[in-house]
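Here are the chains, one letter per residue:
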Amino acid sequence: MRDFIQGLPKVELHLHIEGTLEPDLMFELAQRNGVHIPFSTPEQVRAAYDFHNLQSFLDIYYQGANVLIHEQDFYDLTWAYLQHCHADNVIHTEIFFDPQTHTDRGVAFATVINGISRALADGREQLGISSELIMCFLRHLDEASAFATLEMALPYRDKIIAVGLDSSEQGNPPEKFARVFAKAREAGFLTVAHAGEEGTADNIRDAMSLLGVSRVDHGVACSQDEALMNELAANRMPLTVCPLSNTRLKVFDKMSEHNITDLLRRGLCVTINSDDPAYFGGYMTDNFMAVAEALPLNHKELAQFTLNAIEASFITDAAKQQLAERTCAYLAQHS
Ligand code: ADE
Ligand code: ZN
């Protein structure tokens, strides 16, 4: 099974670039930039990654991001992620970045986006990995901060395909950002949002109706609402599911209890993604493996996750067709 999954072409649609900061690189950047971190070894950092919910993770994740200061740091972070993509046969990736995590510490928006974009361009040229960038607003911050961030992004409109919404879902419903998302759509951005991760199925409905999203990030809480599941299946509204994240943050106690198989078999456009792989124990192949080991999925169903991600991606129809043909050819060879 590992060989089949390893070689399977993959498309990632839910990946926070700040969540790819491995403890070793965190240490290297802390030294390089003279930033204090409250750990003395990378092993100590790993030992601190024992989360009981989303917030307990976010507290550590924002602290880790403090070591990212210069454009080269963002380049190195992104380049390291692309090496994992290459090893895992990820052929296309759509990456989130959280500018407010950096601009609130005095790091310029340009520093962040130029470092990430330069690595993505090298990834395209040297590794053949296509990519897009999605700028997320932090939902625990206020609407004014999100509007200011959208202003900063306008000069980089050609580098950012969509805006998203992440951070603490509870207490920060989609409604809080309806006006910012309307303005982003007017400016030509597509939209996505985290909804139904720790929050309720209502957040999924509101993300669609109030934010006009093209995809729902996570969305696993749709199981609470039979009518919603039917609607998501009928509309082929994509859900970017993150299996290892969900078990590490206790959205599901065990992988064998995850609802991804049920959602797939009901005809929802579910995909597999790694979310914050440096914190949750694995990149794309590890996420596919964790699902395949715990749940009764055959090769065709595993390949369907890739076909769903191609369908849900923000690439052209011609590019979708090409990636789908490549995936079907791989499946035919390995069936
Ligand atoms: N930011 C990074 N990872 C996240 C997640 N899983 N949910 C919400 N915000 C996040
Ligand atoms: Zn996420």
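Only a predicted model underlies this, so the values are computations on that prediction, with no experimental measurement involved. (Residues numbered from 1 in each chain as written. Chains lettered and ligands numbered in written order. Predicted model: local features only at pLDDT ≥ 70, side-chain atom pairs only at ≥ 80, totals over all residues. Heavy atoms only, no water.)

Asker: Whenever I open this one, helix α8 (residues 143-153) confuses me. Can you help?
Answerer: In an α-helix there are 3.6 residues to a turn, and that puts residues three or four apart on one side. The set of residues buried in α8 consists of Ser 145, Ala 146, Thr 149, Leu 150 and Ala 153. An end-on view of α8 places all buried positions within 140° of arc, on one side of the element. Where α8 is buried, its residues meet α6 (99-103), α7 (109-127), β3 (130-138) and α9 (178-186). (Buried < 20%, exposed > 50% of the residue type's maximum accessible area, 1.4 Å probe, protein only. Helix = DSSP H or I, 4+ residues; strand = E, 2+ residues; numbered from the N terminus. Arc of directions from axis to C-beta. Contact = heavy atoms within 4.5 Å.)

Asker: Whenever I open this one, the coordination of the zinc ion (ligand 2) confuses me. Can you help?
Answerer: Reference values for coordination geometry: four tetrahedral donors around a metal ideally subtend 109.5 degrees, six octahedral donors ideally subtend 90 or 180 degrees. Binding of the zinc ion (ligand 2) to the protein goes through His 14 (NE2), His 16 (NE2), His 194 (NE2) and Asp 275 (OD), at separations of 2.1 to 2.3 Å. Coordination at the zinc ion (ligand 2) is irregular, judged from the 4 donor atoms that bind it and the angles of 84 to 176° they form at the metal. Read N to C, the donor residues that coordinate the zinc ion (ligand 2) are spaced as H-x1-H-x177-H-x80-D. Placement of the pair is His 16 in the loop between β1 (10-12) and α2 (23-33) and His 194 in strand β5 (residues 190-195), with a sequence separation of 178 residues. The class of His 16 is buried, set by a relative accessible area of 4%. (Donors = N, O, S within 2.8 Å, 3.2 Å for Na, K, Ca; no water. Tetrahedral: all angles 85-135°; square planar, octahedral: opposite > 155°, others 65-115°.)

Asker: I keep staring at unusual backbone geometry and nothing clicks. Help me out?
Answerer: Peptide bonds are, in most cases, trans, and in most cases residues other than glycine have a negative phi. The phi dihedral of Asn 89 falls on the positive side, at around 60°, and the residue is not glycine. Following the sequence through the fold, Asn 89 ends up in the loop between α5 (71-87) and β2 (90-97). Residue classification places Asn 89 among the partly exposed residues on the basis of a relative accessible area of 30%. Located in the positive-phi region is Arg 236, a residue other than glycine, with phi close to 50°. Within the secondary structure, Arg 236 sits in the loop between α11 (226-235) and β7 (239-241).

Asker: Explanation requested: the site of ligand 1 in the structure shown.
Answerer: What surrounds ligand 1 is the set His 16, Leu 54, Phe 57, Leu 58, Tyr 61, Asp 166, Ser 167, His 194, Glu 197, His 218, Asp 275 and Asp 276. For ligand 1, a nitrogen atom lies 3.4 Å from a polar atom in the side chain of His 218. One of the side-chain nitrogen or oxygen atoms of Asp 276 is found 2.6 Å away from a nitrogen atom of ligand 1. Out of a free accessible area of 260 Å², ligand 1 has 100% covered by protein chains. When residues of the shell around ligand 1 are assigned to their parent elements, the largest contribution, 4 residues, is made by helix α4 (residues 54-64). Per-class residue counts for the shell around ligand 1 are 4 nonpolar, 4 polar and 4 charged. (Near = heavy atom within 4 Å. Polar contact = N/O pair within 3.5 Å; in protein donor to acceptor, adjacent residues only side chain to side chain. Areas by Shrake-Rupley, 256 points an atom, 1.4 Å probe, with all protein chains shown as cover. Nonpolar A, V, L, I, M, F, W, Y, C, P; charged D, E, K, R; others polar.)

Asker: I tried to follow the nonpolar core on my own but got confused; where do I start?
Answerer: Taken as a class, soluble globular proteins show a tendency for nonpolar side chains to be buried jointly. In this structure, Phe 97 and Tyr 279 are the most contacted members of the largest nonpolar core, which totals 107 residues. Within the second largest apolar cluster, 9 residues are counted, among which are Leu 13, Cys 269, Ile 310 and Ile 315. (Core = buried A, V, L, I, M, F, W, Y, C linked by side-chain atoms within 4.5 Å.)

Asker: Teacher, can you tell me more about the side chain of Asp 225 here?
Answerer: Tracing the backbone shows Asp 225 in the loop between β6 (215-218) and α11. A polar contact is formed between the side chain of Asp 225 and the backbone nitrogen of Ala 227, at a distance of 3.2 Å.

Asker: I keep staring at the pattern of salt bridges and nothing clicks. Help me out?
Answerer: Where charged atoms of side chains with opposite charge meet at close range, the side chains can pair. Counted by the stated rule, this structure contains 17 salt bridges. A salt bridge links Glu 28 to Arg 32; the shortest N-O distance between them is 3.8 Å. Of this pair, Glu 28 and Arg 32 both sit in helix α2, 4 residues apart, roughly one helical turn. A residue is classified by how much of its surface remains accessible, and Arg 32, at 40% relative accessible area, is partly exposed. (Salt bridge = Lys/Arg side-chain N within 4 Å of Asp/Glu carboxyl O.)

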